[in-house]
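Below are the chains, spelled out letter by letter.
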Amino acid sequence: MSKIPYKTYLSESEMPTKWYNVRADMKNKPAPLLNPGTLQPMTAQELSAVFCDELIKQELDNDTPFIDIPEEICDFYKMYRPSPLVRAYCLEKALDTPAKIYYKFEGNNTSGSHKLNSAIAQAYYAKKQGLKGVTTETGAGQWGTALSMACAYLGLDCKVYMVKVSYEQKPFRREVMRTYGASVTPSPSETTNVGKKILAEHPGTTGSLGCAISEAVEAATTTEGYRYVLGSVLNQVVLHQSIIGLESKLAFDKIGEKPDVIIGCAGGGSNLGGLIAPFMGEKLRGEADYRIVAVEPASCPSFTRGKFAYDFCDTGMVCPLAKMYTLGSGFIPSPNHAGGLRYHGMSSILSQLYHDGLMEAASVDQTSVFAAAQQFARVEGILPAPESSHAIRVAIDEALKCKETGEEKTIFFGLTGTGYFDMVAYQKYNDGEMSDYIPTDEDLAVGFAGLPKVDK
Ligand SMILES: *Cc1c(COP(=O)(O)O)cnc(C)c1O
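Residues numbered from 1 in each chain as written. Predicted model: local features only at pLDDT ≥ 70, side-chain atom pairs only at ≥ 80, totals over all residues. Heavy atoms only, no water.

## A short note on the overall build of the chain
Then, number 1: For the chain, the helix and strand inventory stands at 18 helices and 15 strands.
Then, number 2: Relative to the compact-globule value of 23 Å for 456 residues, the chain shows a C-alpha radius of gyration of 20 Å, a close match.
Then, number 3: A principal-axis box enclosing the C-alpha atoms of the chain has dimensions of 65 × 50 × 45 Å.
Then, number 4: Burial analysis of the chain (456 residues in total) assigns 62% to the buried set.
Then, number 5: Put simply, 77% of the contacts in the chain that link residues at least 6 apart link residues at least 24 apart. (Helix = DSSP H or I, 4+ residues; strand = E, 2+ residues; numbered from the N terminus. Rg over C-alpha atoms; globule rule 2.2 N^0.38 Å. Buried < 20%, exposed > 50% of the residue type's maximum accessible area, 1.4 Å probe, protein only. Contact = heavy atoms within 4.5 Å.)

Here it is in structure tokens:
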């Protein structure tokens, strides 16, 4: 057999034209979003003040396995997709491992990550509904960038609430968003009631994702013709991100390979949910088996140390409640944490799959993550995002285990993006000034104490 190529691409005509909804194959469906007032499942009607109608349908659809990708979105995807499935020959050689390592690289667009896959879908449905614009939050800025790109393409207005510390520390991200026409407000801000309240209670706060979400939701629900969009966590986002896994599966089939272990980083869970979707589908239907590993920062350990409970999705407690592995909506990672993936909760879909023992989770220290990032960058030629490097860490560890045991496992991980805007974190690492902080049980207890009392 001829050697497997370094990169496997699909042709345009081979690209998926439907998203795959893994919920259709789950025996235990993810728990529904609850109305925080009545504790009853949110109805489409109730959700329509916040989200676009078509996206609500997708959010609530636990049964339809395949959903058509509208032609206009397929065309947009063709600008920067398919993303390559890369055989990491150079990394394998550097590690001297008998394992085969593959990764799916999502960093080939200006947002530098997988987030554009869902941004274009959400913006498209907003436009189709005749809305004027959308609001959102962004942490480090990848989601805000992706959404501003999608909105610019479709001629929609885009208002981004950016976590204040990132707004100040990542001015270039901010300028990318403004170049695409978005307005960017540091959060918490004086422009919303919830922002004013948070500022009054915590003067000098540098903000958090949960807080920026509250502001963006308020801005959407109080501005005519606007809805709110979210870059991860929600079922609809996992659905859109299934394009990553579907392309990967087709590419593996093309080269006649099958991964043994699939590894992805987990922030809110959308990239991992999308990466594993078709593989998990086979596992759920009993057609194949895969080991699936979610990797999270030791400083924000939702899966490995969180509770499976209903929680607020935001700090201001204006959003519906979601059942998920969570550290509590008041949890804020230690300020020395630099590697992203800092959301307090995890997608309800992944939470249910993890709870049912269908996937594993691992947590890793940030210094070991940056060591893996550096090792990867030096041989594979891509400067990885710190988020993605959580997956690289565990992939390398798996490959090193194979070196000991002599096993020729096929390891597959999601390389979600590039790290060009994360050079301050890289600098800290390079200067030997990065440290690890692992929250104590007492630290975590503070977040858990804020969980709502829901008997479900
Ligand atoms: C946002 C982001 C993540 C986290 O993605 P989730 O889908 O929320 O888990 C991972 N990697 C990169 C590069 C990102 O920008």
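## Let's talk about the environment of Tyr354
Then, number 1: Inspection of the secondary structure assignment puts Tyr354 in helix α14 (residues 348–355).
Then, number 2: Along the primary structure Tyr354 and Gly155 are separated by 199 residues, whereas in three dimensions their C-alpha atoms are 39 Å apart.
Then, number 3: Excluding residues that lie within four positions of it along the chain, Tyr354 makes contacts with Phe303, Thr304, Tyr325, Met359, Glu360 and Ala361.

## Some remarks on the packing of aromatic side chains
The geometry of an aromatic ring pair is captured by two quantities: the separation of the ring centres and the angle between the planes.
Then, number 1: Under the definition given, this model contains 21 aromatic pairs.
Then, number 2: Arranged with centres 5.9 Å apart and planes meeting at 75 degrees, the rings of Phe76 and Tyr80 form a pair that is edge-to-face. Linking Phe76 with Tyr80, this pair stays in helix α3 (residues 71–80), spanning 4 residues, or about one helical turn. Both residues of the pair, Phe76 and Tyr80, belong to the buried class.
Then, number 3: Here the aromatic rings of Tyr77 and Tyr80 are separated by 6.3 Å at their centres, their planes lie at 85 degrees, and the arrangement is edge-to-face. In this pair, Tyr77 and Tyr80 are both assigned in helix α3, 3 residues apart and thus about one turn of the helix distant.
Then, number 4: Judged by relative accessible area, Tyr77 falls into the buried class, the value being 1%.
Then, number 5: One aromatic cluster is present, built from ring pairs that chain together Tyr102, Phe252, Phe279, Tyr290 and Phe412. (Phe/Tyr/Trp six-rings, centres within 6.5 Å; stacked < 30°, edge-to-face > 60°.)

## With respect to unusual backbone geometry
Then, number 1: A cis amide bond links Arg81 with the next residue in sequence, Pro82, at an omega value of -5 degrees.
Then, number 2: Inspection of the secondary structure puts Pro82 in the loop between α3 and β4 (85–87).
Then, number 3: Along the chain, Ser187 connects to Pro188 via a cis peptide bond; the corresponding omega equals 5 degrees.
Then, number 4: Turning to its location among the elements, Pro188 is positioned in the loop between β8 (183–187) and α9 (193–201).
Then, number 5: One non-glycine residue, Leu39, lies in the positive phi region at around 60 degrees.
Then, number 6: Tracing the chain through its elements places Leu39 in the loop between β2 (18–20) and α1 (44–47).
Then, number 7: Its identity is not glycine, yet Val233 carries a phi of approximately 70 degrees, on the positive side.
Then, number 8: When you line up the elements, Val233 lands in the loop between β9 (226–228) and α11 (235–255).
Then, number 9: Residue classification places Val233 among the buried positions, given a relative accessible area of 9%.

## Looking at the domain arrangement of the chain
Then, number 1: When the domains of the chain are assigned, the result is domain 1 (7–14 + 81–112 + 242–449) and domain 2 (19–68 + 114–228).
Then, number 2: Look at where the C-alpha atoms of domain 1 and domain 2 centre, and you get two points 22 Å apart.
Then, number 3: Opposite the 41 residues of domain 1 that make contact, domain 2 presents 37 residues.
Then, number 4: Interface of domain 1 and domain 2: buried area, both sides summed, is about 3300 Å²; carbon and sulfur atoms make up 66% of it.
Then, number 5: The largest per-residue losses of area from domain 1 upon contact with domain 2 belong to Ser111, Pro320 and Phe421, which jointly make up 19% of the total buried on that side.
Then, number 6: At the junction of domain 1 with domain 2, the criterion picks out 2 salt bridges.
Then, number 7: When the shortest N-O distance is used, the salt bridge between Arg285 and Asp25 registers 2.9 Å.
Then, number 8: Counting every contact that joins domain 1 to domain 2 gives 14 residue pairs in polar contact (both at pLDDT 80 or more).
Then, number 9: Secondary-structure elements contributing two or more residues to the side of domain 1 that touches domain 2 are α11, α12 (270–284), β12 (307–312), β13 (321–326) and α14.
Then, number 10: It is α12 that contributes the most residues to the side of domain 1 that touches domain 2, 7 residues altogether.
Then, number 11: When grouped by side-chain class, the residues that make up the side of domain 1 that touches domain 2 number 21 nonpolar, 12 polar and 8 charged. (Domains from an automatic or database assignment. Buried area = accessible area lost by both parts, 1.4 Å probe. Salt bridge = Lys/Arg side-chain N within 4 Å of Asp/Glu carboxyl O. Polar contact = N/O pair within 3.5 Å; in protein donor to acceptor, adjacent residues only side chain to side chain. Nonpolar A, V, L, I, M, F, W, Y, C, P; charged D, E, K, R; others polar.)

## Digging into the packing of helix α15 (residues 366–380) against helix α17 (residues 423–430)
Then, number 1: Relative orientation of the contacting elements α15 and α17 amounts to 100 degrees, with a least axis distance of 10 Å. By the criterion of interaxial angle, the relationship of α15 to α17 is roughly perpendicular. Contact residues: α15 offers Thr367, Phe370, Ala371, Ala373 and Gln374, while α17 offers Ala425, Tyr426, Tyr429 and Asn430.
Then, number 2: Of the residues in the contact of α15 with α17, the class split is 6 nonpolar, 3 polar and no charged. (Axes fitted to C-alpha atoms, helices over the stretch in contact; angles between N-to-C directions. Parallel < 35°, antiparallel > 145°, perpendicular 65-115°, else oblique.)

## Section: the environment of Glu137
Then, number 1: Residue placement: Glu137 occurs in strand β6 (residues 133–138).
Then, number 2: Distance from Glu137 to Gly267, taken between C-alpha atoms, is 15 Å for residues 130 residues apart in sequence.
Then, number 3: A polar contact is formed between the side chain of Glu137 and the side chain of Tyr228, at a distance of 2.7 Å.

## Points about the sheet that holds β9
Then, number 1: Pairing is parallel in the open sheet, where 4 strands are placed in the order β8-β7-β6-β9. The two strands at the open ends of the sheet, each matched to only one other strand, are β8 and β9. Taking the axes of each pair of neighbouring strands and ignoring which way they run, one obtains an average angle of 25 degrees across the sheet.
Then, number 2: Relative to β8, strand β7 (residues 157–163) is paired through 5 bridges, and the arrangement is parallel. For Val163, the partnering residue across the bridge sits in β8 and is Ser187. (Pairing = 2+ DSSP bridges.)

## A short note on the pairing of β13
Then, number 1: Burial analysis of β13 places 6 of its 6 residues in the buried class, the great majority of the element.
Then, number 2: Across 6 bridges, β12 lies against β13 in antiparallel orientation. Residue pairing in the sheet places Phe308 in a bridge with Tyr325 of β13.

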